[in-house]
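# Structural description and commentary
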Amino acid sequence: MMAVLGASNPIEHVIQHTMLDLNPGGGVFSFPLISNHILMQVVGAGLLIWGIPRALVYRAGDDPIGRLVPRGWGTAIEAVCVALREQIFKPNLGHYTDRFTPYLWSLFFFILVANVLGLLPLADWFWFVPGHLVGGTSTANFYVTGALAFLTLALIVYNGLRYHGLDYVKHFFMGPWWIAWLIAILEIAGLFFKSGALCVRLTANMLAGHILLAVLLSFVGASFATLGPVGGAGVTVAVIAGSVLIYFLEILVAFLHAFIFTTLTAVFIGLAVNIHHDEKHEEHHAEGAVASSH
């Protein structure tokens, strides 16, 4: 927090700080190998790989039924996974649900952990690490969110072709022949726009809150310099109160946009793998028949 107060530019605390770049001075076309955002992605992935199996591990000595009941963090993780699968993935993916659920679960928790890590003032905790190399929100980086959005686009196209072949291509051409080509162009462009919107939405929301907090905190030093001790103290109280409220909003946004990104990914993949409406009708009919038989 002291680093934010002492900064002349609040953007310094949200941009990527690179230690090793394959193209130094390349600007937009840089290729960082070591940076704070890359490090935070590794830390986030490591926490998931290490933490989730331990949260869900069975305890020795439990009775057979007790071994199946999650405890502590495992309860929350299992509840989230079940809710996502049953309420979000299954309605959109149908009988393809189990094929994509592992990826979608991983996507949700990775984005969530990256968002939450960005809320921690790690740069202040590890002040002895030079160059802002520790800390930062990796999901506020267009490279990161762009890569995640590209994976969504690749899954849409690949699985549409994988499960339906040329039928997937043909379904872009709707209506009379004289207008079908225009609709196809718009539909294909829509794939890129939808994926790009995923990237922009997540990045913008992660950036906005952090920049707002940094700007608010920068008012403290400026108020003492211009208004004196009394005026500076009044501004400081208002800034702290506002920052606390914004910080809680940031926590909500961190969870919300992990959910939104994962949900839209499931929706877009579902639209690609369920191009035949008859499949959904047959599935619902089969489920209804099973339910009526019971």
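Scroll up to find the structure.
A brief structural summary. (Residues numbered from 1 in each chain as written. Predicted model: local features only at pLDDT ≥ 70, side-chain atom pairs only at ≥ 80, totals over all residues. Heavy atoms only, no water.)

### Re the packing of helix 2 (residues 36–55) against helix 4 (residues 97–117)
Filter applied, for reference: Axes here refer to lines fitted to C-alpha atoms; in helices the fit is confined to the stretch in contact. Angles between the N-to-C directions go from 0 to 180 degrees. The secondary structure listing takes helices from DSSP runs of H or I that are at least 4 residues long and strands from runs of E that are at least 2 residues long, numbered from the N terminus. Small angles under 35 degrees read as roughly parallel and large ones over 145 as roughly antiparallel, with 65 to 115 read as roughly perpendicular and the rest as oblique. In this scheme the crossing of two helices becomes right-handed for a clockwise turn of the near helix relative to the far one and left-handed for an anticlockwise turn of less than a right angle. It only takes one pair of heavy atoms within 4.5 Å for two residues to be counted as in contact. Following the grouping adopted for this structure description, the nonpolar residues are Ala, Val, Leu, Ile, Met, Phe, Trp, Tyr, Cys and Pro, the charged ones are Asp, Glu, Lys and Arg, and the polar ones are all others, Gly among them.
Relative to each other, helix 2 and helix 4 sit at 120°, their axes nearing to 9 Å. Of the possible angle classes, the one that applies to helix 2 and helix 4 is oblique. When you trace helix 2 past helix 4, the crossing you get is right-handed. Contact residues: helix 2 offers Met40, Gln41, Val43, Gly44, Leu47, Leu48 and Ile52, while helix 4 offers Phe109, Phe110, Val113 and Leu117. Split by residue class, the contact of helix 2 with helix 4 holds nine nonpolar, two polar and no charged.

### Some points on the nonpolar core
Quick reminder of the rule: In this text, buried Ala, Val, Leu, Ile, Met, Phe, Trp, Tyr and Cys residues form a nonpolar core when linked through side-chain atoms within 4.5 Å. A 1.4 Å probe rolled over the protein chains alone gives each residue an accessible area, and that area as a share of the maximum for its type sets the label: buried under 20%, exposed over 50%, partly exposed in between.
Phe89, Leu93, Phe100, Ile111, Ile156, Tyr168 and Phe261 are the most contacted members of the largest nonpolar core, which totals 43 residues. Contributions of two or more residues to this core are made by helix 2, helix 3 (73–93), helix 4, helix 6 (142–164) and helix 8 (177–273). Take this core: its biggest share by element is 14 residues, from helix 8. If we ignore the near neighbours within four places in the chain, the residues touching phenylalanine 100 are Leu93, Asn159, Tyr163, Ile269 and Val273. If you look at the next biggest cluster of nonpolar residues, it comprises six residues, including Leu213, Leu216, Val220 and Ile246.

### Things to note about a nonpolar patch on the surface
The cut-off we apply is this: Within this analysis, patches are made of residues with over 30% relative accessible area and no salt bridge. Like charges are joined at 9 Å or less; nonpolar side chains (Val, Leu, Ile, Met, Phe, Trp, Tyr) at 5 Å or less. Accessible areas in this description were obtained via Shrake-Rupley with a 1.4 Å probe; residue shielding takes into account the shown protein chains only. Between Lys or Arg on one side and Asp or Glu on the other, a salt bridge is scored when a side-chain nitrogen of the former is within 4 Å of a carboxyl oxygen of the latter.
Taken together, the side chains of Val157, Leu161, Leu166, Val169, Phe173, Trp181, Leu182, Ile185 and Leu186 define a hydrophobic patch exposed on the protein surface, amounting to about 840 Å² of accessible area. Broken down by secondary-structure element, the contributors of at least two residues to the nonpolar patch are helix 6, helix 7 (166–170) and helix 8. Counting residues per element, the nonpolar patch draws most heavily on helix 8, which supplies four residues. By the element assignment, leucine 161 lies in helix 6.

### As for the pattern of salt bridges
By the definition in use, this model includes two salt bridges. Across the pair glutamate 86 and arginine 85 runs a salt bridge, and its minimum N-O distance is 2.5 Å.

### Points about helix 2
Residues spaced three or four apart along an α-helix face the same direction, because each turn holds 3.6 residues. Spelled out, the test is: Take the residue count of a helix, subtract one, and multiply by 1.5 Å to get its expected span. To obtain the arc, one takes the directions from the helix axis to the C-beta atoms.
End to end, helix 2 covers 27 Å across 20 residues, agreeing with the expected 28 Å (1.5 Å per residue, within 8%). Buried within helix 2 are the following residues: Asn36, His37, Met40, Gly44 and Leu48. An end-on view of helix 2 places all buried positions within 115° of arc, on one side of the element. Pointing more than 90 degrees away from the buried face of helix 2 are the exposed residues Val42, Ile49 and Trp50. The inward-facing, buried residues of helix 2 contact strand 2 (32–35), helix 4 and helix 5 (122–125).

### Points about the packing of aromatic side chains
The cut-off we apply is this: In this scheme Phe, Tyr and Trp rings, the latter by its six-membered ring, pair at centre separations within 6.5 Å, and the angle between planes marks the pair as stacked below 30 degrees, edge-to-face above 60, and tilted otherwise.
All chains considered together, the criterion is met by three aromatic pairs. Relative to tyrosine 163, the ring of tyrosine 96 has its centre 4.8 Å away and its plane inclined at 50°; by these criteria the two rings are tilted. Taken as a pair, tyrosine 96 in the loop between helix 3 and helix 4 and tyrosine 163 in helix 6 lie far apart in primary sequence, 67 residues in all. Taking 5.2 Å as the distance between ring centres and 80° as the angle between the ring planes, the aromatic pair formed by phenylalanine 108 and phenylalanine 109 counts as edge-to-face. By the burial criterion, phenylalanine 108 is buried, and phenylalanine 109 matches it.

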